Amino acid sequence: MLHRKQPRHAGLDTRQMRLGATASVTALILSAVALARTERGVQLLNSGLGFLEFYVGVFALVTLTATVALGLITTERVFLSAPNRIRAQLAHRVGAATGMAFLLVHAALKASSLTGLIALALFALATTTGVTRGWFAHTPRPWMWRVLHGAAYLAWPAAILHGLTAGRAPAGWVAWSYVACLAAVVSALLIRAVATLRRPPAVPEVVEEPVVVGELVSLDDLRRRRAG
């Protein structure tokens, strides 16, 4: 009995996303340089930095929460069709890149606590393994990818704890954003649990072995016939 391996969808082509991200970062840098050459521009930059100093941490948490929630459901075949799984994976990658950008800006502008540094390191590990997933597929231990990429599930509660305990008391809308983050991840966990329960058991597909028709001739007999 042979087993037919289920085909997998082709890897996502992220070239356009990388080009768009590079162009956006370049445009932001050039805009900052141009603004820094005028007094009004310097004032605007200072205002922007002040805004980021207070709120970019919240932006990072919300974006990375959406990334974690998407990561929980992107592989589920019960509720998502193949095209929607690909779209969810693309959104997961975009969210990871955006969230890490917010997180790095937050770390650069604010002195982080130990909990914040742990969350940053774990999110960086999860992001790095996400980018290098193809490399793990060609190693003797491909399961290591899931172990290392699962660091996001430790980074997220560390980020929640850091946000609730570091700095000043959060504003009302910030507290509600934390509640929304918790609700998003809990909802994603419930969806994955229900999908796991409803997933049909894996049954190996039987493939008929090829039937050999005709007389079996050994290699030595074949050589003797040709020689004769």
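Residues numbered from 1 in each chain as written. Predicted model: local features only at pLDDT ≥ 70, side-chain atom pairs only at ≥ 80, totals over all residues. Heavy atoms only, no water.

K.L.:
Looking at this structure, how should I read the overall build of the chain?
P.N.:
Secondary structure summary: the chain contains 9 helices and 0 strands in total. Taken from the N to the C terminus, the helices and strands of the chain come in the order α-α-α-α-α-α-α-α-α. Looking at the 228 residues of the chain, the share that counts as buried comes to 24%. Only carbon and sulfur atoms are counted for the fraction: they give 67% of the accessible area of the chain, which is about 16,100 Å². (Helix = DSSP H or I, 4+ residues; strand = E, 2+ residues; numbered from the N terminus. Buried < 20%, exposed > 50% of the residue type's maximum accessible area, 1.4 Å probe, protein only. Areas by Shrake-Rupley, 256 points an atom, 1.4 Å probe, with all protein chains shown as cover.)

K.L.:
Got a minute to help me understand the packing of aromatic side chains in this structure?
P.N.:
Across all of its chains, the model carries 3 aromatic pairs by this definition. Ring centres 6.5 Å apart and planes at 50 degrees place the aromatic pair Phe54 and Tyr55 in the tilted group. Their ring planes at 85 degrees and their centres at 5.1 Å tell us that Trp135 and Phe136 sit as a pair that is edge-to-face. Across the ring face of Phe54, the terminal group of Lys110 is positioned such that the distance to the ring centre comes to 6.0 Å. Between Arg133 and the ring centre of Trp145, over which it is positioned, the NZ or CZ distance is 4.2 Å. (Phe/Tyr/Trp six-rings, centres within 6.5 Å; stacked < 30°, edge-to-face > 60°. Lys NZ or Arg CZ within 6 Å of the ring centre and 35° of its normal.)

K.L.:
Please clarify how the UniProt feature "transmembrane region" (unreviewed entry) in the chain should be interpreted in this entry.
P.N.:
As annotated in UniProt, the feature "transmembrane region" (unreviewed entry) corresponds to residues 52-73, 94-111, 117-136, 143-161 and 173-191 in the numbering used here. For residues 52-73, the helix share is 100%, the strand share is 0%, and the end-to-end C-alpha distance is 31 Å. (UniProt positions renumbered as here; feature names shortened; annotations may be inferred.)

K.L.:
Help me out: how do you make sense of the packing of helix H3 (residues 82-109) against helix H4 (residues 114-131) in this one?
P.N.:
The packing of two helices is summarised by the inter-axis angle and the distance between the axes. At a minimum axis distance of 11 Å, the contact between H3 and H4 shows a crossing angle of 150 degrees. Put simply, H3 runs roughly antiparallel to H4. Considering only the axes of H3 and H4, their crossing is left-handed. In this structure, H3 uses Met100, Leu103, Leu104 and Ala107 to contact H4, whose residues at the interface are Leu120, Phe123, Ala124 and Thr127. Taken together, the residues of the contact of H3 with H4 break down into 7 nonpolar, 1 polar and no charged. (Axes fitted to C-alpha atoms, helices over the stretch in contact; angles between N-to-C directions. Parallel < 35°, antiparallel > 145°, perpendicular 65-115°, else oblique. Left-handed = near helix turned anticlockwise from the far one by under 90°. Contact = heavy atoms within 4.5 Å. Nonpolar A, V, L, I, M, F, W, Y, C, P; charged D, E, K, R; others polar.)

K.L.:
Which parts of the structure should I look at to understand the environment of Leu44?
P.N.:
The topology assignment puts Leu44 in helix H2 (residues 39-73). Judged by its relative accessible area of 41%, Leu44 is partly exposed. Sequence-wise, Leu44 and Ala32 are 12 residues apart; in three dimensions their C-alpha atoms are separated by 9.6 Å.

K.L.:
Help me out: how do you make sense of the nonpolar core in this one?
P.N.:
One broad rule of soluble globular proteins: the nonpolar side chains tend to lie buried together. Counting 25 residues, the largest nonpolar core has Leu61, Val68, Leu103, Phe123 and Trp156 as the members making the most contacts within it. With 8 residues, H2 is the largest single contributor of residues to this core. Residue contacts for Leu61: discarding those within four places in its chain leaves Trp156, Ala159, Ile160, Tyr178 and Cys181. (Core = buried A, V, L, I, M, F, W, Y, C linked by side-chain atoms within 4.5 Å.)

K.L.:
Looking at this structure, how should I read H2?
P.N.:
Three or four residues apart is the spacing at which side chains of an α-helix point the same way, because the helix has 3.6 residues per turn. For H2, with 35 residues, the first-to-last C-alpha span of 49 Å sits near the 51 Å given by 1.5 Å per residue. Within H2, the axis deviates most sharply at Tyr55, by approximately 50 degrees. (Expected span 1.5 Å × (residues − 1). Bend = angle between axes of the 7 residues up to and from the residue.)

K.L.:
Any chance you could explain the confidence of the model for the chain here in plain terms?
P.N.:
A low pLDDT score tells you not to read the predicted coordinates there in detail. Chain-level statistics for the chain give a pLDDT mean of 78 and a share of 80% at 70 or above. Confidence drops under a pLDDT of 50 for residues 1-11, and excluding neighbours within four residues, the segment shows 12 contacts in the predicted structure. (pLDDT = per-residue confidence, 0-100.)

K.L.:
I'm lost on the side chain of Thr63 in this one. Help?
P.N.:
On the secondary structure map, Thr63 appears in helix H2. Leave out the neighbours within four places in its chain, and Thr63 touches Gly95, Thr98, Gly99 and Phe102.

K.L.:
Help me understand the packing of H4 against helix H7 (residues 152-165), please; the structure alone is not making it clear to me.
P.N.:
Contact pair H4 / H7: the axes reach a minimum separation of 8 Å and the direction vectors enclose 150 degrees. Taken as axis vectors, H4 and H7 run roughly antiparallel relative to one another. Two packed elements cross with a definite hand, and for H4 against H7 that hand is left-handed. The residues of H7 that touch H4, namely those facing Thr115, Gly116, Ala119, Leu122, Phe123 and Ala126, are Ala152, Leu154, Ala155, Trp156, Ala158, Ala159, Leu161 and His162. By residue class, the composition of the contact of H4 with H7 is 11 nonpolar, 3 polar and no charged.

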